[in-house]
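Close look at the chain arrangement
Each chain, letter by letter, is given below.
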There are 2 protein chains.
Amino acid sequence: MPRFFTGPVSGSRVCLSGETASHIRVLRMRPGEELTLCDGQGTDYVCRLEALDGAGAQVELLSSQPSAGEPAVDVTVYMAFAKADKLEHVIQKATELGAREIVAYPSARCVARYDAAALKSKLPRWQKIAAAAAEQSGRGRIPAVRAVSGWAAVLQEAAAADLPLIFYERERNNSLRSLVQVPWRSAAVLTGPEGGYTEAEIAAAVEAGLRSASLGARILRCETAPLAALTALLFAAGEM
Amino acid sequence: MPRFFTGPVSGSRVCLSGETASHIRVLRMRPGEELTLCDGQGTDYVCRLEALDGAGAQVELLSSQPSAGEPAVDVTVYMAFAKADKLEHVIQKATELGAREIVAYPSARCVARYDAAALKSKLPRWQKIAAAAAEQSGRGRIPAVRAVSGWAAVLQEAAAADLPLIFYERERNNSLRSLVQVPWRSAAVLTGPEGGYTEAEIAAAVEAGLRSASLGARILRCETAPLAALTALLFAAGEM
């Protein structure tokens, strides 16, 4: 059954216009045929096409259920600012893999910097990348893509997760595997810039309640580490 | 201590030339200082610099040990032919993460094809990407990058692993998590092209002894699936 992302859905009938209506036309769907609408917030709606004309498509809502493509755990990926191609790569892949949100932030050794003006133009583009990846991978939710401007604010937010983890290449004791042996439903995954975190950043993170964690004996690039951590957490949670 | 990849190491003294000698010069190393040579086959050698002149650097071997960066399990990644940028991405990332070998192969729905002439020019380039990623990530071994030209040959090779897995987006029963609950030291991870495997390919794989496996409810792109599977296996093996 064809599946389309829309905004929030309410009532018993929805009028679809723009790209979605065009797509329905391209598929040569006929009144009476069924399709699925996803609100991008975790709910799928099975619908019946009632009418299709120049103004758009009208559909009747038949039933709704939680989207099948959503993980049962919420993992938010916090990635230090990096060059745009690396950030965009992580946004696309983290969405496919099942991240709940993707948050970019400045770190002491970041080479790439995004001021408020740059973020104003970048964030809508990043959100579109997440939307396209969510649709293609069959997710039920488009992860929010955000930026947080200060280390203290990042730590405060991340510390609220059941499993708040900061990945540090000099951490030798706490394997990720040892840290996931607790009940958790939400996790925060912080990874650093190409030059790594400073000791002061790690100290502040631990002080704020985060656990310093290792991703193993190999040094992962700044765009590899967040995806490896996300994958391992979803696997540990029984999502693979 | 500076660390350099060389070819095979033997005897009690080694003469280094070319890039490695240049690098030692750039680092302004002095006779008497120590460095590590890695043979790219899993062994690190602690050495002392004896002499450095226009002809190169002479070092004395002091001790050797298995490279710290190598996983205790061998995971070979079999990736269906894809566009060059996607293959190169997977070669780089799979090396960082800890793959033992990376094997490209043709699959029924592959759009990208590489004939013998194309492979002759591509394989050296792909091997260089693996070498650079191995050095940067601190590995002790440069994964071999190979191509295998037929499905039967791929299956025969893969079936010899303790854990031979083929990832199929229509598999609903066998989660990766359920399949790793056996003792294993070697694994083969097969992932398909953008259009997915044909039913005939899956049937032949199962017939050859491979287990059809799921990577979860989300549809991963052809360049995401091999890295997700590799990461999850290494995590399951206690490598993270």
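Relevant structure appears above.
Since the structure is predicted, the reported quantities are computational estimates derived from the model, not experimental observations. (Residues numbered from 1 in each chain as written. Chains lettered and ligands numbered in written order. Predicted model: local features only at pLDDT ≥ 70, side-chain atom pairs only at ≥ 80, totals over all residues. Heavy atoms only, no water.)

Moving on to the packing of aromatic side chains. Aromatic ring pairs: the centre-centre distance and the angle between the two ring planes describe each pair. One pass over the structure, following the stated rule, counts 9 aromatic pairs over all chains. The rings of Phe81, Tyr114 and Trp126 of chain A are connected pair by pair, giving a single aromatic cluster. (Phe/Tyr/Trp six-rings, centres within 6.5 Å; stacked < 30°, edge-to-face > 60°.)

So, on to the sheet that holds strand β8 (residues 144-147) of chain B. All names here are of chain B. If you walk across this open sheet you meet the 6 strands as β8-β7-β6-β10-β9-β11, and the pairing is parallel. With partners counted over all chains shown, the strands left at the sheet margins are β8 and β11 (211-213), one partner each. Between one strand and the next, the sheet's axes are offset by a mean angle of 20°, whatever the strand orientation. The pairing of strand β6 (residues 74-80) with strand β7 (residues 101-105) spans 5 bridges and is classified as parallel. Directly across from methionine 79, in β7, lies its bridge partner alanine 104. (Pairing = 2+ DSSP bridges. Helix = DSSP H or I, 4+ residues; strand = E, 2+ residues; numbered from the N terminus. Axes fitted to C-alpha atoms, helices over the stretch in contact; angles between N-to-C directions.)

Looking now at the sheet that holds strand β7 (residues 101-105) of chain A. All names here are of chain A. Strand order in this open sheet of 6 strands is β8-β7-β6-β10-β9-β11, and the pairing throughout is parallel. Edge positions in the sheet fall to β8 (144-147) and β11 (211-213), since each has one partner strand and no second. With strand direction ignored, the average angle separating the axes of adjacent strands in the sheet is 20°. Across the sheet, helix α4 (residues 151-159) is in contact with β6 (74-80), β7, β8, β9 (163-167) and β10 (186-191); its angle to β10 comes to roughly 150°. (Contact = heavy atoms within 4.5 Å.)

Here we come to the environment of glutamine 136 of chain A. Examined against the element boundaries, glutamine 136 of chain A turns out to sit in helix α3 (residues 116-137). Once the C-alpha coordinates of glutamine 136 of chain A and proline 193 of chain A are considered, the two residues, 57 residues apart in sequence, prove to be 28 Å apart.

The next subject is the interface of chain B and chain A. Opposite the 35 residues of chain B that make contact, chain A presents 36 residues. For the pair chain B and chain A, the summed buried area comes to about 3,000 Å², and 55% of that belongs to carbon and sulfur atoms. Together, Arg218, Phe235 and Met240 of chain B form the three largest contributors to the area buried by chain B at its contact with chain A, with a combined 26%. Taken together, the links from chain B to chain A amount to 6 salt bridges. The tally of links from chain B across to chain A stands at 24 residue pairs in polar contact (both at pLDDT 80 or more). Of all the secondary structure elements, the ones that give two or more residues to the side of chain B that touches chain A are α2 (84-97), α3 (116-137), α5 (176-179) and α7 (225-236) of chain B. Residue composition of the side of chain B that touches chain A, grouped by class: 14 nonpolar, 12 polar and 9 charged. (Buried area = accessible area lost by both parts, 1.4 Å probe. Salt bridge = Lys/Arg side-chain N within 4 Å of Asp/Glu carboxyl O. Polar contact = N/O pair within 3.5 Å; in protein donor to acceptor, adjacent residues only side chain to side chain. Nonpolar A, V, L, I, M, F, W, Y, C, P; charged D, E, K, R; others polar.)

Counting 126 residues, the largest nonpolar core has Leu190 and Leu233 of chain A together with Leu190 and Leu233 of chain B as its most contacted members. When neighbours within four sequence positions are excluded, leucine 233 of chain B is seen to be in contact with Val75, Leu163, Leu165, Leu176, Val180, Trp184, Ala187 and Val189 of chain B. (Core = buried A, V, L, I, M, F, W, Y, C linked by side-chain atoms within 4.5 Å. Buried < 20%, exposed > 50% of the residue type's maximum accessible area, 1.4 Å probe, protein only.)

Our focus in this paragraph is the relation of the copies chain B and chain A. When chain B is fitted onto chain A, the two copies agree to an RMSD of 0.1 Å after a turn of 180° and an axial shift of 0.0 Å. Given the turn and translation reported, the copies of this chain are related as if by a two-fold rotation axis. Closest approach to the rotation axis among the C-alpha atoms of chain B is made by alanine 232 of chain B, whose C-alpha sits 2.7 Å away. (Least-squares fit on C-alpha atoms with pLDDT ≥ 70 in both.)

This next bit is on the pairing of strand β4 (residues 43-53) of chain A. Residues and elements named next belong to chain A. Where strand β3 (residues 34-38) and β4 come together, 5 bridges link them in antiparallel fashion. The partner of glutamate 34 across the bridge, within β4, is arginine 48. Between β3 and the antiparallel strand that follows it, β4, lie 4 residues; glycine 40 among them carries a positive phi value of about 75°.

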